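The residues making up each chain are set out below.
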Amino acid sequence: MIDASVFRFLKQLKADNSRRWFGLHRAEYEAARARVLETVDHLIAGIARFDPPIIEQAPEDCLFRIHRDVRFARDKAPYKTHFGAFITDRGRKVDRAGYYLHIEPGECLLAGGLYMPPPPQLKAVRQAILRDSRGLRRIISRPKFVKLFGKSLPGRRLKTAPRDIRGDHPDIDLLRLTSFEIVAALKDAQLQKKDFPEYAAGVFEAMRDFVAWLNRALDSAAPLNIGGQAESLI
């Protein structure tokens, strides 16, 4: 499972994010990746207890590549300095709500939901809010949900009302959102405990109805865009 060697590798990679260094330390990368994949496998099994379709996913299909796409980026560092895994019922390359694990020294977290959906999916969620805001509010106001993720959804939002929505709409706080994620921060030491997969599954279970509500919104609209969920949910 996750141990100090994973964090040590990521810290060293951050200190020297070069292809030369990475090539010299590929064995450490492969060992760290194997530990992360083992953890993701345990998370899939844990999530599948309350979200059965998840069991069909393979850990390798949930883990994001460590190589960065630098074609249009100002920062040309070739590698990410974290591991990220996104678990959904249809794989990570679909705009879909799901469960996310982020492993980065000092910045570890569990997250869930739908991060920065493209226009068709954002429209589908807004339509669902107009139909069933009460159902969504029931989910996000539950005591355990509030304790873990806060009193309000933290996602990015418009400064004004969306087009065709009046500014005094009773659900304008939800309709202004352009990203629908929830986050639970972790200490590095938590990931190194033997019971971490069980703990993480408990946090993810508290997200289940939120994730399901978002996916019902997507399923009620047009076919999904096979383009890939943005990696980071923060």
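Participant: How do you make sense of the environment of Phe149 when you look at a structure like this?
Facilitator: Relative to the assigned elements, Phe149 resides in helix H6 (residues 143-149). With 62 residues separating them along the chain, Phe149 and Ile87 place their C-alpha atoms 19 Å apart. When near neighbours in sequence (up to four residues on either side) are disregarded, Phe149 contacts Ile182, Val183, Ala184, Val203, Ala206 and Met207.

Participant: What's the story with the packing of aromatic side chains in this structure? I'm lost.
Facilitator: This structure, assessed with the given rule, holds 10 aromatic pairs. Here Phe22 and Tyr79 contribute two aromatic rings whose centre-to-centre distance is 4.1 Å and whose plane-to-plane angle is 15 degrees, an arrangement assigned as stacked. Linking Phe22 in helix H2 (residues 19-24) with Tyr79 in the loop between helix H4 (59-62) and strand S1 (83-87), this pair joins segments that are 57 residues apart in sequence. Both residues of the pair, Phe22 and Tyr79, belong to the buried class. Geometrically, the ring pair formed by Tyr29 and Phe83 is stacked, given 6.3 Å between the ring centres and 10 degrees between the ring planes. Separated by 54 residues along the polypeptide, Tyr29 in helix H3 (residues 26-48) and Phe83 in strand S1 bring together distant segments of the chain. Of the two residues examined, Tyr29 and Phe83, each falls in the buried class. Grouping aromatic residues by their ring pairs yields a cluster made of Phe9, Trp21, Phe22, Tyr29, Tyr79 and Phe83.

Participant: Looking at this structure, how should I read a negative patch on the surface?
Facilitator: The grouping of Glu38, Asp41, Glu60 and Asp61 at the surface amounts to a negative patch. Listed by contribution, the elements that provide at least two residues to the negative patch are H3 and H4. When you line up the elements, Glu38 lands in helix H3. A relative accessible area of 36% means that Glu38 is categorised as partly exposed.

Participant: Could you clarify how one ought to interpret the environment of Met1 in this entry?
Facilitator: Looking at the secondary structure, you find Met1 in the segment before helix H1 (4-15). Expressed as a C-alpha distance, the spacing of Met1 and Ala32, which sit 31 residues apart in the sequence, is 9.2 Å. In contact with Met1, other than residues within four places in its own chain, are Arg35, Glu38, Thr39, His42 and Pro197.

Participant: Quick question: what am I supposed to make of the sheet that holds strand S4 (residues 180-185) here?
Facilitator: Across a sheet, strands are paired by hydrogen bonds formed along the backbone, either parallel or antiparallel in direction. Taken in spatial order, the four strands make up an open sheet running S1-S2-S3-S4, and their pairing is antiparallel. The open sheet is flanked by S1 and S4, the only strands paired with a single partner. The average undirected angle you get between the axes of adjacent strands in this sheet is 15 degrees. In terms of strand pairing, S1 meets strand S2 (residues 98-103) through five bridges, oriented antiparallel. Across the sheet, the residue bridging to Gly84 is His102, located in S2.

Participant: I would appreciate a short explanation of the pattern of salt bridges in the present structure.
Facilitator: Two side chains with opposite charge may pair up if their charged atoms get near one another. Inspection of every chain in the model, using the stated rule, returns 11 salt bridges. Arg90 is paired through a salt bridge with Asp219; the nearest N and O atoms lie 3.5 Å apart. Residue Arg90 is located in the loop between S1 and S2, and its partner Asp219 is located in helix H9 (residues 196-219); the two are separated by 129 residues in the primary sequence. For Arg90, a relative accessible area of 43% puts it in the partly exposed group. What makes Asp219 partly exposed here is its relative accessible area of 42%. Through salt bridges with shared partners, a single ionic network connects Asp89, Arg90, Arg96 and Asp219.

Participant: How should I be thinking about the side chain of His102 in this particular structure?
Facilitator: Tracing the backbone shows His102 in strand S2. Looking at His102, its side chain comes within polar contact range of the side chain of Tyr100, at 2.8 Å. If sequence neighbours within four positions are ignored, His102 has contacts with His82, Phe83, Glu107, Cys108 and Leu109.

Participant: Please clarify how the nonpolar core should be interpreted in this entry.
Facilitator: The nonpolar side chains of a soluble globular protein tend to be buried, and buried together. Of all hydrophobic cores here, the largest spans 65 residues; its most connected members are Phe9, Phe83, Ile103 and Phe210. It is H9 that provides the largest number of residues to this core, a total of 12 residues. In this view, Phe9 contacts Trp21, Phe22, His25, Glu28, Tyr29, Ala32, Ile66 and Phe83; residues no more than four positions away in its chain are not counted. Residues Phe64, Phe86, Tyr100 and Leu109 belong to the second largest nonpolar core, which totals five residues.

About the cut-offs
Residues numbered from 1 in each chain as written. Predicted model: local features only at pLDDT ≥ 70, side-chain atom pairs only at ≥ 80, totals over all residues. Heavy atoms only, no water. Helix = DSSP H or I, 4+ residues; strand = E, 2+ residues; numbered from the N terminus. Contact = heavy atoms within 4.5 Å. Phe/Tyr/Trp six-rings, centres within 6.5 Å; stacked < 30°, edge-to-face > 60°. Buried < 20%, exposed > 50% of the residue type's maximum accessible area, 1.4 Å probe, protein only. Patch = residues over 30% accessible without salt bridge, like charges linked within 9 Å, V, L, I, M, F, W, Y side chains within 5 Å. Areas by Shrake-Rupley, 256 points an atom, 1.4 Å probe, with all protein chains shown as cover. Salt bridge = Lys/Arg side-chain N within 4 Å of Asp/Glu carboxyl O. Lys, Arg positive; Asp, Glu negative; His and termini not counted. Charge placed at Lys NZ, Arg CZ, Asp CG, Glu CD. Pairing = 2+ DSSP bridges. Axes fitted to C-alpha atoms, helices over the stretch in contact; angles between N-to-C directions. Polar contact = N/O pair within 3.5 Å; in protein donor to acceptor, adjacent residues only side chain to side chain. Core = buried A, V, L, I, M, F, W, Y, C linked by side-chain atoms within 4.5 Å.

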